[in-house]
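Next come the chains, spelled out residue by residue.
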Amino acid sequence: MDLNIKTTENNHLEIGGLDAVKIAEEHGTPSYVIDENRIRDNYKRFYNAFSKYYPDFKVFYACKANTNIAVLKILEEEGSCIDAVSPGEVYISKKLGFKGDKILFTGNNIKDSELKEVFDAGVILNIDSVSALKRLAEIIDPDGVKISFRVNPMVGAGHHDHCITGGVMSKFGIMDSEAVEVYNLAKELGFNPVGMHSHIGSGILDPEPFKLAIESTMDIAGKVHNETGIEFEFLDFGGGIGIPYTPEEKVLDLDKFAKENMDLFKKKLKEYDMNKPTLYLEPGRYLVGDASVLLVEVNSIKESYRKFIGVDAGFNTLLRPAMYDSYHHIVVANKMNEENAEEVDIAGNVCESGDLFARDRPLPKVEEGDILAILNAGAYSFTMASNYNTRPLPKEILVSGKKSIVVREKQSYDDIFQKQTMPEHLK
Ligand code: LLP
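This text gives an overview of the structure that appears in the document.

What counts and how
Residues numbered from 1 in each chain as written. Predicted model: local features only at pLDDT ≥ 70, side-chain atom pairs only at ≥ 80, totals over all residues. Heavy atoms only, no water. Pairing = 2+ DSSP bridges. Helix = DSSP H or I, 4+ residues; strand = E, 2+ residues; numbered from the N terminus. Axes fitted to C-alpha atoms, helices over the stretch in contact; angles between N-to-C directions. Contact = heavy atoms within 4.5 Å. Near = heavy atom within 4 Å. Polar contact = N/O pair within 3.5 Å; in protein donor to acceptor, adjacent residues only side chain to side chain. Nonpolar A, V, L, I, M, F, W, Y, C, P; charged D, E, K, R; others polar. Domains from an automatic or database assignment. Core = buried A, V, L, I, M, F, W, Y, C linked by side-chain atoms within 4.5 Å. Buried < 20%, exposed > 50% of the residue type's maximum accessible area, 1.4 Å probe, protein only. Arc of directions from axis to C-beta. Salt bridge = Lys/Arg side-chain N within 4 Å of Asp/Glu carboxyl O.

**With respect to the sheet that holds strand β8 (residues 124-127)**
Part 1 of the reasoning: If you walk around this closed barrel you meet the 8 strands as β5-β6-β7-β8-β9-β10-β11-β12, and the pairing is parallel. Direction aside, the axes of adjacent strands within the sheet are offset by 30° on average.
Part 2 of the reasoning: One ladder, built from 3 bridges, connects β8 with strand β9 (residues 146-150); its direction is parallel. From the neighbouring strand, L125 faces β9, where its bridge partner is I147.
Part 3 of the reasoning: Strands β6 (81-84) and β7 (103-105) of the sheet are contacted by helix α4 (residues 87-95), whose axis makes an angle of about 170° with β7.

**Description of the site of the ligand**
Part 1 of the reasoning: Taken together, 20 residues surround the ligand, and among them H159, S202, E282, R320 and Y380 come closest.
Part 2 of the reasoning: A distance of 2.6 Å separates an oxygen atom of the ligand from a polar atom in the side chain of R320.
Part 3 of the reasoning: Its residues placed into classes, the shell around the ligand shows 6 nonpolar, 8 polar and 6 charged.
Part 4 of the reasoning: Both domains that furnish three or more residues to the shell around the ligand are identified here as domain 1 (6-35 + 289-417) and domain 2 (36-284).

**Overview of the environment of E271**
Part 1 of the reasoning: Mapped onto the elements of the fold, E271 is located in helix α9 (residues 254-271).
Part 2 of the reasoning: The spacing of E271 and D219 is 52 residues in sequence and 9.4 Å in space, taken between C-alpha atoms.

**A word on the nonpolar core**
Part 1 of the reasoning: Ranked by internal contacts, the top residues of the largest apolar core, which has 87 residues, are F46, F50, Y61, I147 and L235.
Part 2 of the reasoning: Two domains share this core, each providing at least three of its residues, namely domain 1 (6-35 + 289-417) and domain 2 (36-284).
Part 3 of the reasoning: If sequence neighbours within four positions are ignored, Y61 has contacts with N66, V71, L72, L75, S80, C81, I82, D83, P283, G284, L287 and V288.

**Describing the sheet that holds strand β1 (residues 6-7)**
Part 1 of the reasoning: Pairing is antiparallel in the open sheet, where 3 strands are placed in the order β1-β2-β3. The sheet is open, and its two edges are formed by β1 and β3 (18-19), each paired on a single side.
Part 2 of the reasoning: The pairing of β1 with strand β2 (residues 13-15) spans 2 bridges and is classified as antiparallel. Paired with K6 across the two strands is E14, which belongs to β2.

**Quick word on helix α1 (residues 20-27)**
Part 1 of the reasoning: Restricting attention to buried positions, one finds in α1 the residues A20, V21, I23, A24 and H27. An end-on view of α1 places all buried positions within 160° of arc, on one side of the element. The outward face of α1, more than 90 degrees from its buried face, is lined by the exposed residues K22, E25 and E26.
Part 2 of the reasoning: Directly beyond the C-terminal end of α1, a positive phi value near 85° is found at G28.

**Focus: the pattern of salt bridges**
Part 1 of the reasoning: In this structure the tally under the stated criterion is 26 salt bridges.
Part 2 of the reasoning: Here R306 ties to D360 by a salt bridge, and the two come within 2.7 Å at their closest N and O atoms. With a gap of 54 residues between them, R306 in the loop between β13 (292-303) and β14 (307-311) and D360 in strand β17 (residues 356-363) connect regions that are remote in the sequence.
Part 3 of the reasoning: Here D370 makes a salt bridge to K335, at a shortest N to O gap of 2.7 Å.

**Concerning the pairing of strand β18 (residues 371-374)**
Part 1 of the reasoning: Both faces of β18 are covered, namely the face carrying I371 and A373 and the face carrying L372 and I374.
Part 2 of the reasoning: Pairing of β13 with β18 involves 4 bridges; the strand directions are antiparallel. Note that in β18 the partner of V296 across the bridge is L372.
Part 3 of the reasoning: Two elements, strand β15 (residues 330-332) and β18, share 3 bridges in a ladder whose sense is antiparallel. Directly across from V331, in β18, lies its bridge partner A373.

**A short note on unusual backbone geometry**
Part 1 of the reasoning: Here the bond from T29 into P30 is cis, since omega is -5°, no more than 30 degrees from zero.
Part 2 of the reasoning: In this structure, M154 takes a positive phi of about 60° despite not being glycine.
Part 3 of the reasoning: Position of M154 among the secondary structure elements: in the loop between β9 and α7 (179-188).
Part 4 of the reasoning: Relative accessible area serves as the criterion here: at 42%, M154 is assigned to the partly exposed category.
Part 5 of the reasoning: Positive phi is not limited to glycine here, since D273 has a value of about 55°.
Part 6 of the reasoning: Structurally, the position occupied by D273 is in the loop between α9 and β12 (278-281).

The structure is reproduced here in structure tokens:
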């Protein structure tokens, strides 16, 4: 099994060298618990794999996966750059020390005021449409401004339809057939287009689509290079590398993956007689996904038409199972040595029938008071949480050097309502 699971001597789940049950006792549930070392290890493994075959390489962490400020700072210390998709992500990254040129902004359907805001922040803009290009040219002085374009490589893949971002149904990027025209237009407007970007989707464990995407993006880049004379300073193939969520899924062989893709990349650079641009990749899930768990407590067990294990968090806290039907492995943190004994449904506390973390899940005999750990909760989990049902956002705990540190307090009810204002006539 390739899932990141460790056990203490007393058969409890271990996170970063600490006992998950003790963390739950100390900090309460639900709590997201983040293992600092795992993020650092993931980053190093990823960086080393690609830089070994193509040294001029930069990692742009796709921070939409997890914007906890400790997580961002850890990755900044490791040397990461940032893939940002909103002015908010640019704001927090800059505040934490990422310099403007270490942030690539890949927004889509961005309005003028936001374009201006991110431009003023000094980040590199990765433009998603002709509309954005033309509007940008009107609101700033384009003279010599370095930009990049997101292209649709007409290859898409992902763990769910919602997460496929290439191909004819995708709203992202400019068409391959219009690329030359768009780069020429950018030059005419005065910009200095220096980059090309593509991203085919998220949660992909199959290496094949990535190869197709690199091939296709390189063909577009080669054509643009040949027909416009642009020498690319960077080429960016996005993120999307998956992690195992089920016990059956295997972790991607990163060294083999990097070698094959870098061979292809170098072959294409030669084929189109291009200089050596910097290679950018934008992993999100790969860096942070398996570094966190969500700890929840079993508060009620119902023997109805089915057996429901009720826990103290719901899809407001971790949306992926309800939104994408995603599998998250779940363990009983205080019974790690016990054999599976029954198949149960694990239900959250939100008032909707779809609020289930799992159906027919084999687990040891579960009792009220047990602590469940929902694994792989580091990516697209807290960042997609909400206040639905007026439930406060939970705590986040960082495990570092055998200490558990609160890195986000649980919201209060007043936090939830603080930006609302009562109209005069109702006071
Ligand atoms: N670059 C761009 C331009 C992206 O849009 C994304 C993800 C990434 C990089 C990082 O992808 P990753 O390496 O994390 O797969 N909420 C969904 C995932 C949506 C991903 C959106 N874009 C989920 O929970 O699975």
